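# Inside the fold
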Amino acid sequence: MGVMLIGVVLSAILYGLAIGQTLYYYSKYPKDPWYLKLLVAITVCFDTIHLILITQTMYHYLITSYYDSTALTEATWGVIIEALPTGVTGALVQCFYAVRVFRLSKKNLILTGVIMVLVVGNAGCGTVWVVLAMSKKSYKDLLDISAMTMTINALSVAADVLISLSLCIIFQRSKTGFRRSDTILTKLTIFFLNTGLATSMCAVGSLISLAVSPNSLVYALWYFCIGRLYTNSLLAALNARNIIRGQTADLDELSPPTVPTSRASSSARTPNISIRIDTMQQCASEMALEQKDAGAMVRPFSLHSLPIS
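Okay, so let's go over this structure. Throughout this document, residue positions are counted from 1 along each chain, in the order its sequence is written. In keeping with the predicted nature of the model, local features appear solely for residues at pLDDT of at least 70, side-chain atom pairs appear and are counted solely at 80 or more, and the whole-chain, interface and lining totals rest on all residues. To obtain the side-chain values, all non-hydrogen atoms of the structure were included, while hydrogens and water were left out.

### Observations concerning the nonpolar core
- Met 4, Phe 96, Tyr 97, Trp 129, Tyr 139, Leu 167 and Phe 192 are the most contacted members of the largest nonpolar core, which totals 66 residues.
- For helices the rule is a DSSP run of H or I covering at least 4 residues; for strands it is a run of E covering at least 2, with both sets numbered from the N terminus onward. No other element matches helix 9 (residues 218–239), which puts twelve residues into this core.
- Setting aside chain neighbours within four positions, we find Leu 167 in contact with Tyr 97, Val 101, Leu 104 and Phe 192. Residues enter a nonpolar core if they are buried and are Ala, Val, Leu, Ile, Met, Phe, Trp, Tyr or Cys, with the set joined through side-chain atoms within 4.5 Å. With a 1.4 Å probe rolled over the protein chains alone, any residue whose accessible area is under 20% of its type maximum counts as buried; one over 50% counts as exposed, and the rest are partly exposed. Any two residues having at least one pair of non-hydrogen atoms within 4.5 Å are treated as being in contact.

### Focus: the pattern of salt bridges
- Note on definitions: salt bridges are taken to be side-chain nitrogens of Lys or Arg within 4 Å of carboxyl oxygens of Asp or Glu. Summed over all chains, the structure comprises two salt bridges.
- The partner of Arg 228 in a salt bridge is Asp 47, and the shortest N-O contact between them spans 2.9 Å. Taken together, the residues Arg 228 in helix 9 and Asp 47 in helix 2 (residues 34–64) connect sequence positions 181 residues apart. For the pair Arg 228 and Asp 47, one class covers both residues: buried.
- Asp 144 is paired through a salt bridge with Lys 136; the nearest N and O atoms lie 3.9 Å apart.

### Topic: the packing of aromatic side chains
- Here a Phe, Tyr or Trp ring, Trp counted by its six-membered ring, pairs with any other such ring whose centre lies within 6.5 Å, and the pair is stacked when the planes are under 30 degrees apart, edge-to-face when over 60, and tilted otherwise. Applying the stated criterion across every chain, the model contains four aromatic pairs.
- For the ring pair Trp 34 and Tyr 35, a centre distance of 6.0 Å and an interplane angle of 80° mean the geometry is edge-to-face.
- Classification of Trp 34 by relative accessible area gives exposed; the value is 65%.
- Relative accessible area serves as the criterion here: at 41%, Tyr 35 is assigned to the partly exposed category.
- With centroids separated by 5.2 Å and ring planes inclined at 65°, the aromatic side chains of Phe 96 and Tyr 97 adopt a geometry described as edge-to-face.

### A closer look at the side chain of Thr 231
- Relative to the helices and strands, Thr 231 is located in helix 9.
- A relative accessible area of 0% places Thr 231 in the buried class.
- In this view, Thr 231 contacts Ala 18, Thr 43, Val 44, Asp 47, Thr 89 and Val 93; residues no more than four positions away in its chain are not counted.

### Describing the packing of helix 4 (residues 83–104) against helix 5 (residues 109–133)
- The N-to-C vectors of helix 4 and helix 5 enclose an angle of 175°; their axes lie 10 Å apart at closest approach. Taken together, the axes of helix 4 and helix 5 lie roughly antiparallel to each other. The segment helix 4 lies against helix 5, with Ala 83, Leu 84, Ala 91, Gln 94, Cys 95, Ala 98, Val 101 and Phe 102 engaging Leu 109, Leu 111, Thr 112, Ile 115, Met 116, Val 119, Asn 122, Ala 123, Trp 129 and Val 130.
- A per-class count over the contact of helix 4 with helix 5 returns 15 nonpolar, three polar and no charged. Angular values range over 0 to 180 degrees, each being the angle between N-to-C directions of two axes fitted as lines to C-alpha atoms, with helices fitted over their stretch in contact. What sets the label is the angle itself: under 35 degrees gives roughly parallel, over 145 gives roughly antiparallel, 65 to 115 gives roughly perpendicular, and the rest give oblique. Under the convention adopted here, Pro, Cys and the residues Ala, Val, Leu, Ile, Met, Phe, Trp and Tyr are nonpolar, Asp, Glu, Lys and Arg are charged, and Gly plus all remaining residues are polar.

Here it is in structure tokens:
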């Protein structure tokens with residue numbers, strides 16, 4: 001029970017961070033589309049339900065059944081039902097990232113389809129696990145469906161890794177040669193790699209715990225936190241837009257390439273994403289500075305004079 005208690009405490013801390021990010025999101029992005037606001041509201045609601053369920057579970061074991069040692073071996077309804085809000089939260093956030101992969105990859109149906117198969121498969125296995133677990137009376141009985149539990153974690157890891165790698169590859173292939181836009185893309189690559197790594201490592205931790213110590217509740221430490229990590233990942237992605245892009249266009253409005261590039265950079269790779277440079281003066285001064293450092297002086301020019309390939 002000690003490990004479960006630690007998991008509840010860590011989950012509560014992550015919930016507090018999610019609430020703070022939620023308030024920040026609604027105050028800073030009032031013009032966001034209604035479906036993004038609804039997505040945030042739904043994920044936070046499911047996070048709240050999950051925290052209530054695991055808190056009730058710990059209250060049952062540590063307070064209500066304090067003098068009943070046999071109660072510690074029994075699986076309560078709360079510790080089983082809590083898998084549902086976690087699964088829904090994870091599926092919603094992964095679908096959000098899948099849509100981004102679809103848009104930024106020039107509507108790559110194969111890549112997006114593979115991601116969605118993993119997401120739907122994970123959600124389906126999670127639902128089946130809850131139905132099967134409801135018929136179990138003790139934690140020892142839950143070992144009978146440990147293979148299903150490991151499958152859920154494996155599918156979650158596969159989906160998170162594929163989403164993160166897809167976004168990172170897209171961003172790296174979309175560099176234009178301008179320091180400003182390339183810096184933004186590098187920051188985006190690091191950001192999405194780190195957010196995907198957090199949820200993936202949590203699922204891997206749960207998977208390893210089940211494989212190494214199936215008779216203990218160590219896996220609960222990881223599983224209690226993974227839903228909260230998905231919510232914080234979503235909110236961090238939404239709230240970081242202004243910070244990462246500076247004065248550039250909203251990331252949700254990124255479209256197939258219209259960014260002017262130099263002949264040298266365009267011949268090496270074809271950009272997949274257009275990054276809007278705010279003013280012609282900024283671009284001109286940046287290019288002038290680069291060529292001045294190389295020993296050549298050039299006059300300011302218009303963006304429209306740059307060759308497009």
